[in-house]
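Residues per chain are reported as follows:
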Amino acid sequence: SHGDKVVELPPGFERVGGRVVGKRVTHIRPEDNDFLQLFEEIESTRPDVVFATYSGREAVEFVGAYSAAGLAGRIPLAASAFAVDDSLLPELGDAAAGIWNCFSWARRLASDENQLFVDAFETVTGRPVDAYALLGYDAARLVSQLAVATGGELRRADHLRLAGGQLGGSSPRGQLILGDANQGMVSPLYLRQVQKQNGRLINVVVEQLPVSPAPAEEMRVKSGWLNPYLCA
């Protein structure tokens, strides 16, 4: 509950019948990358799946150690999308193969708009497109929409609220919708798996998952965040 209001939280892992058997925090110190005790606990507990949320160097260390410990072939690993971001896959190597993750976009998402975006970005910049490029592209496009909708008066809060209903539309991710409750952008969500195709690791879209706008109050009580960040 929150104050005198009972908040019905969105369905989660435990509410649909799952059971969390343990939570562990690593890298409390940046150099703390010894996972021996953690992996021993995983071995003894034998969960159906391990979920890890990492990014950057910590992701490389954890995924590599998980695979080297022989756990990857026996206990499936699911991860936050930034743990297996396309920019990290060359460094993660085969240790990342098979990892499940959810994200609002994939480089090889099968749509004409996404392919145009990927081709244009890589032609102009000379580097592979990634989630951060997509975020910048969508943000710039929304600012442009907002400028048109408000006649360029972006500093007027009342104009911003009125223009909110006109924002969104088609994106390389799919269809974007501005949520009524929290003014956050709601985008598609895709279940992905890291697979090796033609000798290269990529995030393959397995299926599109149902998603609905989360009321701001529910999100604040649940996590302290008011808006999702690329569904990460």
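Residues numbered from 1 in each chain as written. Predicted model: local features only at pLDDT ≥ 70, side-chain atom pairs only at ≥ 80, totals over all residues. Heavy atoms only, no water.

Thoughts on the overall build of the chain
Looking only at helices and strands, the chain features 7 helices and 8 strands. A total of about 13,800 Å² of accessible surface is found on the chain, and carbon and sulfur atoms cover 54% of it. (Helix = DSSP H or I, 4+ residues; strand = E, 2+ residues; numbered from the N terminus. Areas by Shrake-Rupley, 256 points an atom, 1.4 Å probe, with all protein chains shown as cover.)

As for the packing of helix α1 (residues 36–45) against helix α2 (residues 56–68)
One way to put it is that α1 packs onto α2 with a least axis distance of 11 Å and a crossing angle of 50 degrees. Judged on the interaxial angle alone, α2 and α1 are oblique. When the axes of α1 and α2 are compared, the crossing they make is right-handed. Between α1, through Leu38, Phe39 and Ile42, and α2, the contact on the second element is made entirely by Phe62, Ala65 and Tyr66. Partitioned by chemical class, the residues of the contact of α1 with α2 number 6 nonpolar, no polar and no charged. (Axes fitted to C-alpha atoms, helices over the stretch in contact; angles between N-to-C directions. Parallel < 35°, antiparallel > 145°, perpendicular 65-115°, else oblique. Left-handed = near helix turned anticlockwise from the far one by under 90°. Contact = heavy atoms within 4.5 Å. Nonpolar A, V, L, I, M, F, W, Y, C, P; charged D, E, K, R; others polar.)

Some thoughts on the sheet that holds strand β4 (residues 168–171)
One open sheet holds the 3 strands; their spatial order is β4-β5-β6, and the pairing between them is antiparallel. One side of each edge strand has no neighbouring strand; the edge strands of this open sheet are β4 and β6 (185–186). Strand direction decides the pairing type here: β4 and strand β5 (residues 174–178), joined by 4 bridges, are antiparallel. Counterpart to Gly169 in the pairing with β5 is Leu176. Along the sheet face, helix α5 (residues 131–149) touches β4, β5 and β6 and points at about 140 degrees away from the line of β4. (Pairing = 2+ DSSP bridges.)

Section: the pairing of strand β3 (residues 100–103)
The side-chain alternation of β3 yields one buried face, formed by Asn101 and Phe103, and one unburied face, formed by Trp100 and Cys102. Bridge count for β3 against strand β7 (residues 189–197) is 4 bridges, and the pairing is antiparallel. Each bridged residue has a counterpart across the sheet, and for Phe103 the counterpart in β7 is Tyr190. (Buried < 20%, exposed > 50% of the residue type's maximum accessible area, 1.4 Å probe, protein only.)

Let's talk about the packing of aromatic side chains
According to the stated counting rule, one finds 10 aromatic pairs in the structure shown. Plain terms: the ring middles of Phe39 and Tyr66 are 5.9 Å apart, the flat faces sit at 80 degrees to each other, and that makes the pair edge-to-face. Of the two residues, Phe39 is situated in helix α1 and Tyr66 in helix α2; the sequence distance between them amounts to 27 residues. Here the two residues Phe39 and Tyr66 agree in accessibility, since each one is buried. Taking the centre distance of 5.6 Å and the plane angle of 80 degrees together, the rings of Phe82 and Phe103 count as edge-to-face. Highlighted residues: Phe82 in the loop between β2 (77–79) and α3 (89–92) and Phe103 in strand β3, separated in sequence by 21 residues. Here Phe82 matches Phe103 in class, with each residue buried. (Phe/Tyr/Trp six-rings, centres within 6.5 Å; stacked < 30°, edge-to-face > 60°.)

Brief notes about α1
For α1, the set of buried residues is Leu38, Phe39 and Ile42. For α1, the angular spread of the buried residues around the axis is 95 degrees, confining them to a single face. Across α1 from its buried face, at more than 90 degrees, point the exposed residues Leu36, Gln37 and Ser44. The inward-facing, buried residues of α1 abut β1 (50–52) and α2. A positive phi of about 50 degrees marks Arg46, the residue just after α1. (Arc of directions from axis to C-beta.)

What about the pattern of salt bridges?
The tally for this structure, following the rule as stated, stands at 8 salt bridges. Two residues, Arg141 and Asp138, come together in a salt bridge whose shortest N-O distance is 3.5 Å. Of this pair, Arg141 and Asp138 both sit in helix α5, separated by 3 residues, roughly a single helical turn. Across this residue pair, the class does not change: Arg141 and Asp138 are buried. (Salt bridge = Lys/Arg side-chain N within 4 Å of Asp/Glu carboxyl O.)

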